[in-house]
Each structure stands twice: as structure tokens, then as C-alpha cells.
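So the chains spell out like this:
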Amino acid sequence: MSLVGLDSLMHQAWSLVMDKSVRSIAILGEGGIGKTTLMRQLYNKLMTTNHFGTVIWVTVSSNLTFEKVQDDISKSIALFNAVWVESTFSGKAQLMLDELTSRQKFVLFLDDLWDWEVDLQGLGIPFGEKYKKNGSKLIFTTRSETVAKNMYAPRVLTLKKLSTEDAWQLFWNKVGDNKFAGSSITQKSYVYMVAEILVAKCGGLPLLLSVLGRVMAGRKTFEEWFYALDEIHRMKGRESEVTRLLEFCFNRLPNHSIKSCLSYLSLFPEDFTILRNELIDFWICEELLGDDEYDILNLGYNAIDTIIAAGLLDEENAYVKLLDMIREAALSVAIEGPMFENAQLLKATDVEKLATVGWISPMGNSIRNHVPNILFTFLLNHNPFIMIKGKFSQFVDGLTVLDLSKTGVVEVPRALSELVSLQYLNLSQTWIEWLPIELKMLKKLKCLNLEHNDQLRVVPRQLIYGLSALQILKLFRCGYSVEEVEDNILSLRYMDIDPLSCLEHLKVLSITITCLSTLNNFYSNTILLNCTQSLSLEVFWGSKSLDISPLATMKNLIALEIHQVEDLEELDKNLHYEKLVREGSFRGLGEISLGKCSSLKELTWVILVPNLRILKVKMCEQMKEIISIRRLDEIWEEGEVEPFGKLEILVLESLPELKSIYWKSLGLQCLKKIEIIDCLLLKKLPLNKNSTKKNELVIEGEENWWKHVEWEDDVTRNSFLPCFKPFY
């Protein structure tokens, strides 16, 4: 959402942030007025400066628990680990207090404080009278005037509704006046008359004006505008004008499927971001996208794009997020059946009460000891519990989605096989070591996610053969077995991909491959090549060269990781550069990550990846150049090449021999972050004064390295100085 009408407040807010005498700043206003937008602008601006050593953002919301706030802050400062999870509330507070007092001054952003105050010192935040001299700041948003006035004696910035002129400007910017260029003066005057009524109904709320303006952009005649106004007037049953207007906008979505997809998003906590691809996985398994199995992924992408175009969903890179006011309205409208969202730990007696509930989401609520028996969609991710107790037989006909990702689960109970209706099972980022063969009874399972399970050693072949309905299988970075196990697709020496080839309905695959024989089998399997989204190539003992030319034509590959191939010296042996550029190869690849490839000296082949957004290179001891001018002269004849046109994030870490990224300045208008750690020989960056949008760029690195960076001229140096943020 843009800052229409908030420019002066942004200036005031920044002045308060820079004022050393001001310790606490409250941003006050009703829902949808732009509080979070203003605070996010402050946060983004601070992230590009070195005014504070640590910048923390936590979304609080109405159903806050103190322990959850502690956990969220600990994740922001890299304190969330096994010791943290096992600590008591007071123990966590002491851990956090010790960590933050050892750092430079910090700024803490708390978004959406409701009707009570937070004892920061009790949580473990060194704030208050005792720590008055440390220079740290608290910035928070709230709808409560009482909280705004009493939370550590803040300076209050009150956001008022947009003026009539600003509201009209924002609304009409979204509608687009050129749509009525061919209309008569009378028709246009009638349209403007209806528009004035609609703008007045929005009450000066920027979010509402923006969403409604986008919806009305599709209406070109007076009759269409009048009908829209009449429909809004007929919505008598809703509790508020805001809900009526947002329900009208929901109803304008093209079909019931997309409306249900939007409603499903309200299951997630406030301010929760989710990867596009993960969201589509949920929708597929909830059967919200229809039954066109062959085009199901495109239907998912279309649903996301449609909701974004309607202004009902925020996007950033590969992530999407439902805005708070939209989420509240979606819960109220309940497009797709009853819901109970973001539940706390439920007692056994609650099950009967919730028997009619369709979707349940107690995610991120610090559930530690056990999980109660609940039914239907159950999102338990982001909880530190380690055991799953109870019988599952009572939910045989109910539970279709179970998300246990990012939890402390160490064992998958065999009783899960009783959930014969289960279609989605997410066990990613847990501590499990093996999957029980009994899970092959889950004949309706469409999605199995095992990504980033470093401890996982056994996935039975017969289990994969038995899951014949799988459409989505995610095995990216899911470990491997050093010891040979008879029935197991995971092996350091050889990964068996034959069972994957037998999955007739497979549409999405992520996979880790650890040896050449498996890689060659993978390359010869067109079906697996075309459905692979993420590929990790690891270990490959003794391999000095890897052939990545078959990856160039993979239709859906979005992420490639090459890790711990110690002897690897070249990756582009069979790449025909000019031919691949003409054919538009590597078109979908957006993220490349290399690590612990000790013999690799350059990565010139990445110039073939036109839409590369993220490049990470770590712990490659002999890496001397990212793009080599010598290598490029050998393989490139068709004029000059300009790489990294779409690059957003560049991370270079522990590259002791690295001297060059590129030999001259580049146009990097999409670049948002450069992170340079332990690369002391890298003296020049491919930047000049026109390379980037400097107000959006963060350059993070060690201060000693930054002092010795060589610039094209003093103008360039001075223009990038505000972008630097010290790495601690």
C-alpha cells in the first residue's frame, strides 16, 4: 500500500527516530488506515542504515502470548535453538537479556498492540529506566489510545483518515481515468457521481480505497457503476460499512474456487508470509483449485495473481501475505464454511464444541508437551512440541491436511496411517530420522513434504510405491543414509529414483542427488525433469566436473543448490552459451546456491540465467571470480554481456581468494541486499553512482572490509556509505 497522504507523517516519524531524547514512538489509528505501512517504511529505511546495531520486527496481534513474543524476538536475533526451546519463560528472558545487552543499541518494532501494555524487561528486553542510557528505541502500532499514551511514555503519531482530496486521488489512481476516454460527458458525470459516493463510504481508509478502486477499474459504463452501488446498499446483514465493502470486493473475484483460496489464507496468523509454491500445495490438497489435474499448478498461480491484482493480497519476491484488515473481513465473511483460526492449546473437552469446524490453525502458539486430538485441517507448524500423542481413528473421515513443519517432532507415529483421508502431510524442518512403512496406507495423500530434514535417514521404497496418488513430493535437503538399509531410497552412494518414476500423478518434485549414476538416471527421465522445482546436488565424491546442461531445458526449475562437491572444478563443460541464450534457457531458475565446493574457481555460467534473483556462494576456498573475463572471452563471441539484471540478493561468504564479482560496473536496479562476509581480498564492487536504487539497498559486511573497499570516485563512495550495515 502506498503512502498517499502520509508523507508528512513519515518525515515526522523519522525525525523522532533520530531524536536521541525520544525512546518510545506510538503510531495510533484504526484498522486499514496505514499504521503498518508507515512503520514498515521506517523499518525498511533503518535496515539500510547503521544507526542501530539490531533491528527487530514482531507482529503482536490480539491473541498474543508472552512466550510467542519471546520466541519471535529470539528468531530475529538468531537465539532460537535447542537450548532456547527447553528453557523456561524466565530462562528465556535471561538468555535474551544477556544477548541484547552485549550488542549495540537496538530498535524494536511491535506491530498491532491491542488493549494492554507489554513488560519488555520481563520478556528479556533491556528497556525502561534501568537501561535508559543504551540509546535503544521502541516503535509500535496500536488501535488503543490508552496503550498509545502509556507504553513507556511514547511520542504519539496519530494517523487520521485521508482528506477528501487525497482519498479521491488514491481511488481514482487505482480506477484509471483513461477507461472513460470514449464516454460522453453525461456518462462520465454519472460515473463520477457514483464514485464520490463510493469514496465517501470508504471513510478515508487507504487500504479500502485502494481495493475498491481496483475492483471498479473493470467497470466502464454508468450502468455497471450504479449496479455496484446498488449491490453494496443491499448488503444489510454485515456489521460494518468496511465489511460490506470488502465483501463486495470478495464477490467480484471471478469464481468460487478463487474465493475459497482467499478464505483459506485467513487461517494463517496475522502478518504471516508464505511461499507461493507452499500455498499452492495447500490449495491442491484441499481441492480448492478444481479437478483439472493436468493444469493444476497454473490454476494455482492464476489464483494468486488474481487475488493480488484485486488488491487483496500483498506480495514480496516469492512470498505472499494477507493484510490484517482483509484477513479480519475474510474471517467475518467466511466464504468457505466455518473456521476456527489460530487456536490456543485445546483441551479434550473442546473437541465436541469444535465438531463442526472446518479448518483449525493453532500454529505458532508455543505448544510444547503434546498435541490434542482435533480434526479436519490442522496447522501445527512453528510449535516446539516433540511428541504426538493420542489415537487418530476418530478422525478417519475428517483430517485432510496435517502440517507439523518447523516443530521438534522426532518420531512419526505409526498411528498416522489411520488417517486414510489425509491428502497433505508436511514434516519439513523437523528432527525425524525415519518414516514408518505403515504410512503407505495413506492412499489419498497428494503432498508429502520432507524438505530440510538433516536427520532423516530412511524413506522406505515400498512407502513411495504405495503412495500412488502423490502429486507433490519434496525431498530437497532431506538427508541421506551412510549405512545401507535394505528398503530405503536414501543413500549416500546411490539414491533410488525408480519409485518416483512410478508416481503417475506427480506434478511437483524437489530432490537431493548425491552421485553421478543417480544424476544420469534423473537426466534420462523426462517426467522427473519436467516436474522438478528444486534440485540439490551434493557430495559427488571425486567428481571434478558436473554436467548441468540438461538443467537448461527444465520447465519448472526455480532453485538449484550445489553443495559439498569438494573436487568440483567446472560446471559448464557441455554448455553452448550462444545457443542457450538464443533459446532462452534457464528461464525459470531464480535462485542458485553454492557451498563447500573447494576447487571451484569461477561461476561464469550464471550469465545464462536471465531471471536470477538470489545468488549465494559460501565456503569455496579457491573461488577467485564470480564472472571470469578470461573464461567469457573463451566461450562468448556475440558482443557484450550484462548479467544480473534481475538480481535482488547477493551473498558471498568465506571466500578467501575472491577478488572480483565482475570487472566493471553493472546496472543492478533490482538489487536489495549485498552480504559480504570473510572475503578480505574483494576490494571492488561492480557499482557506480547509477547502478542501483540506493535508498532500497543494504550492504552488510565486516567494518574492516568496508573501510578498504575501493570506489570509482568519491561521489560513488559517498552515495553508498548510508547503505552499509555492520555484520556482527
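A brief look at the structure comes next.

What counts as what
Residues numbered from 1 in each chain as written. Predicted model: local features only at pLDDT ≥ 70, side-chain atom pairs only at ≥ 80, totals over all residues. Heavy atoms only, no water. Helix = DSSP H or I, 4+ residues; strand = E, 2+ residues; numbered from the N terminus. Contact = heavy atoms within 4.5 Å. Core = buried A, V, L, I, M, F, W, Y, C linked by side-chain atoms within 4.5 Å. Buried < 20%, exposed > 50% of the residue type's maximum accessible area, 1.4 Å probe, protein only. Pairing = 2+ DSSP bridges. Salt bridge = Lys/Arg side-chain N within 4 Å of Asp/Glu carboxyl O. Axes fitted to C-alpha atoms, helices over the stretch in contact; angles between N-to-C directions. Phe/Tyr/Trp six-rings, centres within 6.5 Å; stacked < 30°, edge-to-face > 60°. Parallel < 35°, antiparallel > 145°, perpendicular 65-115°, else oblique. Left-handed = near helix turned anticlockwise from the far one by under 90°. Nonpolar A, V, L, I, M, F, W, Y, C, P; charged D, E, K, R; others polar. Lys, Arg positive; Asp, Glu negative; His and termini not counted. Patch = residues over 30% accessible without salt bridge, like charges linked within 9 Å, V, L, I, M, F, W, Y side chains within 5 Å. Areas by Shrake-Rupley, 256 points an atom, 1.4 Å probe, with all protein chains shown as cover. Charge placed at Lys NZ, Arg CZ, Asp CG, Glu CD. Expected span 1.5 Å × (residues − 1). Disulfide = S-S within 2.5 Å.

1. Quick notes on the overall build of the chain
The secondary structure content of the chain amounts to 25 helices and 24 strands. Within the chain, counting contacts between residues at least 6 apart in sequence, those at least 24 apart form 64% of the total.

2. So, the nonpolar core
Core analysis: the biggest nonpolar cluster contains 108 residues, and Phe522, Trp605, Phe644 and Leu652 have the highest contact counts within it. Once residues within four sequence positions are removed from consideration, Phe522 is found in contact with Ile497, Ile511, Ile513, Leu528, Leu529, Thr532, Leu535 and Met554. Counting residues in each nonpolar core, the second largest holds 92 residues, with Tyr43, Leu157, Val194 and Leu279 among its members.

3. A few points about the pairing of strand E4 (residues 137-142)
Taking burial as the measure, the six residues of E4 include six buried ones, the bulk of the element. Of the two faces of E4, the one holding Lys137, Ile139 and Thr141 and the one holding Leu138, Phe140 and Thr142 are both buried throughout. Where strand E1 (residues 24-28) lies against E4, five bridges are found, and the strand directions are parallel. Bridging across to E4, Ser24 finds its partner in Leu138. Here five bridges tie strand E3 (residues 106-113) to E4, and the two strands are oriented parallel to one another. Paired with Leu113 across the two strands is Thr142, which belongs to E4.

4. Some details on the pattern of salt bridges
Counted according to the given criterion, the structure contains 27 salt bridges. Asp72 is the partner of Lys68 in a salt bridge, and the nearest nitrogen-oxygen pair spans 3.0 Å. In this pair, Lys68 and Asp72 are both assigned in helix H3 (residues 66-76), four residues apart and thus about one turn of the helix distant. Residue Asp305 is joined to Arg276 by a salt bridge in which the shortest nitrogen-to-oxygen separation is 3.3 Å.

5. A short note on the environment of Ile27
With respect to the helices and strands, Ile27 occurs in strand E1. According to the relative accessible area criterion, Ile27 is buried, its value standing at 0%. Distance in space between the C-alpha atoms of Ile27 and Ala148 is 7.4 Å, their sequence separation being 121 residues. Those residues within four positions of Ile27 in sequence are excluded, and the remaining contacts are Lys35, Leu38, Met39, Leu42, Ile139, Phe140, Thr141, Thr142, Leu157 and Leu159.

6. Let's talk about unusual backbone geometry
If a residue is not glycine, its phi is most likely negative; likewise, a peptide bond is most likely trans. Despite not being glycine, Phe644 shows a phi value in the positive range, around 65 degrees. A relative accessible area of 9% places Phe644 in the buried class. Backbone geometry at Ser654 places phi at a positive 55 degrees, although glycine is not the residue there. Its location among the elements puts Ser654 in the loop between strand E21 (649-653) and strand E22 (673-677).

7. Some words on helix H10 (residues 206-216)
The buried fraction of H10 amounts to ten of the eleven residues, a majority that puts the element mostly inside the structure. Every buried residue of H10 is listed here: Pro206, Leu207, Leu208, Leu209, Ser210, Val211, Leu212, Gly213, Val215 and Met216.

8. A word on the sheet that holds strand E7 (residues 314-316)
The antiparallel open sheet is built from three strands, whose spatial order is E6-E8-E7. Of all the strands in the sheet, the pair left with one neighbour each is strand E6 (273-275) and E7. Pairwise comparison of adjacent strand axes, ignoring direction, gives a mean angle of 30 degrees for this sheet. Judged from the three bridges that link them, E6 and strand E8 (residues 319-321) form a sheet pairing that is antiparallel.

9. Things to note about the packing of aromatic side chains
Within a pair of aromatic rings, the relevant descriptors are the distance that separates the centres and the angle that separates the planes. Tallied over the entire structure, the rule returns 24 aromatic pairs. Residues Trp168 and Trp172 carry aromatic rings whose centres are separated by 5.2 Å and whose planes lie at 5 degrees to one another, so their mutual orientation is stacked. Linking Trp168 with Trp172, this pair stays in helix H8 (residues 164-175), spanning four residues, or about one helical turn. When the centroid spacing of 4.4 Å and the interplanar angle of 20 degrees are considered together, the rings of Phe282 and Tyr424 count as stacked. Of this pair, Phe282 sits in helix H14 (residues 276-285) while Tyr424 sits in strand E13 (residues 424-426), placing them 142 residues apart in sequence.

10. As for the packing of helix H11 (residues 222-233) against helix H12 (residues 241-251)
As a packed pair, H11 and H12 sit with axes 10 Å apart at the nearest point and diverge in direction by 130 degrees. Classified by the interaxial angle, the pair formed by H11 and H12 is oblique. Read as a crossing pair, H11 and H12 show a hand that is right-handed. Between H11, through Ala228, Glu231 and Ile232, and H12, the contact on the second element is made entirely by Glu241, Arg244, Leu245, Phe248 and Asn251. Counted by class, the contact of H11 with H12 contains four nonpolar, one polar and three charged residues.

11. A closer look at the side chain of Asp112
For Asp112, the position within the fold is in strand E3. Although Asp112 is buried, it makes no salt bridge; Arg143 carries the closest opposite charge, 4.2 Å away. For Asp112, the contacting residues outside a window of four places in its chain are Val60, Ser61, Thr141, Arg143, Glu270 and Asp324.

12. Overview of the pairing of strand E17 (residues 532-538)
In terms of residue burial, E17 counts as a mostly covered element, since seven of its seven residues are buried. Of the strand pairs in this sheet, E17 and strand E18 (residues 559-563) are connected by five bridges, and their pairing is parallel. Across the sheet, the residue bridging to Ser534 is Ala559, located in E18.

13. What about the environment of Lys20?
One can find Lys20 in the loop between helix H1 (7-18) and E1. Placed 116 residues apart in sequence, Lys20 and Ser136 show a C-alpha to C-alpha distance of 9.1 Å.

14. Points about the sheet that holds E3
Pairing is parallel across the open sheet formed by five strands, whose spatial order is E2-E3-E4-E1-E5. Unpaired on one side and paired on the other, strand E2 (54-59) and strand E5 (155-158) mark the two borders of the sheet. When strand polarity is set aside, the average angle formed by the axes of neighbouring strands in this sheet is 15 degrees. Summarising the sheet, E1 and E5 pair through four bridges and their orientation is parallel. The residue of E5 that forms the bridge with Ile27 is Leu157. Sheet strands touched by H1: E1, E4 and E5. Its angle to E5, the strand with the most contacts, is close to 165 degrees.

15. Focus on a negative patch on the surface
Taken together, the side chains of Glu566, Asp567, Glu569, Glu570 and Glu621 present a region of like negative charge at the surface. Here Asp567 is to be found in the loop between E18 and helix H22 (577-582). Judged by relative accessible area, which is 36%, Asp567 ranks as partly exposed.

16. With respect to H11
With twelve residues, H11 should cover 16 Å at 1.5 Å per step; its first-to-last C-alpha distance of 17 Å lies within 8% of that length. Those residues of H11 lying buried are Phe222, Trp225, Ala228, Leu229, Glu231 and Ile232. Among the structural elements, H8, helix H9 (185-201), H10 and H12 are those in contact with the buried residues of H11.

17. Describing the state of the cysteines
Across all of its chains, the model carries zero disulfides by this definition. We note that Cys620 lacks a disulfide partner, and the nearest cysteine sulfur, in Cys597, lies 4.9 Å from it.

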